Amino acid sequence: MIEPLPFTTQMDVKPKIKAFFDEPTNTISYVVQDPTSNKCAVIDSVMDIDYAAGRISYGGADQIIKFIKDNELELEWLIETHVHADHLSGAPYIQGKLGGKMGIGENITIVQDVFGKVFNEGTEFQRDGSQFDQLFTDGDSYQIGNLSVHVMHTPGHTPACMTHVVGNAAFVGDTLFMPDGGSARADFPGGDARTLYRSVMRVLQLPDETRLFMCHDYGPNGRDIQWETSVHAEREHNIHVKDGITEDEFVKMREERDASLDMPKLIIPSLQVNMRGGKMPPADDQGDVFFKVPVNKL
């Protein structure tokens, strides 16, 4: 059963959106601005890592900060659409420079419980989502200036995945890719292909002209990187979930495809950071920080 939309769309409301592409992780971050004020939000920011060297930097996040400052904007929210397994969040760094509240779906607690065990984090690791300022549930809403943002629970890729709908735009995280990219994998702990299909169908209940903004794009078949499409285009052309593809057909395809995929290159540091709200693991007695590498756990 496909859950109905928990809100009424406002297609006459058109937020201003600036995209930032992070080439090393193929991630797109966004600054979403209320056109009637100077208020804005940042969605799915990135912290840079040279994994081989064990070095963290903030070039991508600094670009976002510069854009916000140059345009004299006020940051109200730092949103994570889910706990990313392919890049590290830059939200706490940006928050430290510009303020704002960090938000994620309430099922972050499920992700924290699962991966707290995978990484043997012990009882000192809080599994209650307290690393974030706001935990969203399905149907919640919040404000970016005069803009109302509505939150939909769209699990399947992870239990905590949320789609954020603001006026005529929706930020879908990894629930969908561009039409020629299809859909995200559903084989991580807590993921489920059948649940993902139903979440996609829920998103595609939005009006045809709704603008959909991706969290990732990989330029299939050598095309240029893209990050904006529409509900109509997805329903007509998505190679995995266009109109006419049944739930069972999708599940069969998704499970077979997932079985052939390698783990994301940055999954080990990404999960340890992102389940903490973008913060690094605690330092040891000498002040040094380390990532754990669980053997045969992922």
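Because the structure is a prediction, the values reported are computed rather than measured.

Asker: How would you summarise the packing of helix α1 (residues 59–70) against helix α2 (residues 91–98) if you had to cite specific residues and measurements?
Answerer: It is the contact of α1 with α2, at a shortest axis distance of 10 Å, that shows an interaxial angle of 30°. Our classification of the angle between α1 and α2 gives roughly parallel. Between α1 and α2 lies a crossing whose hand is right-handed. Taking contact as the criterion, the partners of A61, D62, I64, I65, I68 and K69 in α1 are, on α2, Y93, I94, K97 and L98.

Asker: I'd love a proper account of the environment of R127, names of residues and values included.
Answerer: Checked against the element boundaries, R127 lands in the loop between α3 (108–118) and β8 (134–136). Each C-alpha atom of the pair R127 and H84 lies 17 Å from the other, and the pair is 43 residues apart in sequence. Those residues in contact with R127, other than ones at most four positions away along the chain, are T109, Q112, D113, G116, K117, E121 and G122. A polar contact is formed between the side chain of R127 and the backbone oxygen of G116, at a distance of 3.4 Å.

Asker: Help me get a handle on unusual backbone geometry, residues and values and all.
Answerer: Even without glycine at this site, N26 takes up a positive phi of about 55°. Residue placement: N26 occurs in the loop between β1 (16–22) and β2 (27–33). Its identity is not glycine, yet N120 carries a phi of approximately 50°, on the positive side. Within the secondary structure layout, N120 lies in the loop between α3 and β8.

Asker: Before we move on, can you summarise empty space enclosed by the protein with the specific residues and values?
Answerer: In this approach the atoms are scanned with a rolling probe the size of a water molecule, which exposes any empty space left behind. All chains considered together, the criterion is met by 3 cavities of 30 Å³ or more. The computed volume of the largest cavity comes to approximately 80 Å³. What lines the largest cavity is V83, A85, V111, F115, H157, T158, P159, F188, P189, I267 and L271. Elements represented by at least two residues in the lining of the largest cavity include exactly α3 and α7 (267–274).

Asker: Which residues make up the pairing of strand β10 (residues 147–153), and what are the values?
Answerer: With 5 of its 7 residues buried, β10 lies for the most part within the structure. Counted along the chain from strand β9 (residues 141–144) to the antiparallel partner β10, the turn is 2 residues long, and its residue G145 has a positive phi close to 60°. As defined by bridge partners, β10 adjoins strand β11 (residues 162–166) across 5 bridges and the pair is classed as antiparallel. Opposite M152, over in β11, you have T163 as the bridge partner.

Cut-offs applied
- Every chain begins its residue count from 1, and numbering advances along the sequence as written.
- Given that the model is predicted, a residue must reach a pLDDT of at least 70 before its local features are reported, and side-chain atom pairs must reach 80 or more before they are shown or counted; all residues, however, enter totals for whole chains, interfaces and linings.
- Side-chain metrics in this entry use all non-hydrogen atoms of the structure; hydrogen atoms and water are not considered.
- Lines fitted to C-alpha atoms define the axes, with helix axes restricted to the stretch in contact, and inter-axis angles between N-to-C directions lie between 0 and 180 degrees.
- A run of DSSP states H or I qualifies as a helix once it reaches four residues; a run of E qualifies as a strand once it reaches two. Both are numbered from the N-terminal end.
- In what follows, roughly perpendicular refers to angles from 65 to 115 degrees, roughly parallel to angles under 35, roughly antiparallel to angles over 145, and oblique to any angle outside these ranges.
- For a crossing to be left-handed, the near helix must be turned anticlockwise from the far one by less than a right angle; the clockwise case is right-handed.
- When checking whether two residues touch, look at their non-hydrogen atoms; a contact exists if any pair is within 4.5 Å.
- Residues adjacent in sequence count toward polar contacts only when both atoms are side-chain atoms; beyond that, a polar contact is any pair of N or O atoms within 3.5 Å, and within protein one must be able to donate a hydrogen and the other to accept it.
- The rule is simple: put a 1 Å grid over the protein atoms alone, call a set of points where a 1.4 Å probe fits but cannot get out a cavity, call an open set with protein on both sides within 12 Å along at least five of seven lines a pocket, and count a residue as lining if it has an atom within 4 Å of a point.
- Grid points are joined across faces, edges and corners, and a volume is the space filled by probe spheres set on the points.
- Burial classes: relative accessible area under 20% of the type maximum marks a residue as buried, over 50% as exposed, and values in between as partly exposed (1.4 Å probe, protein chains only).
- Here the rule is simple: two strands pair whenever DSSP picks up at least two bridges between them.

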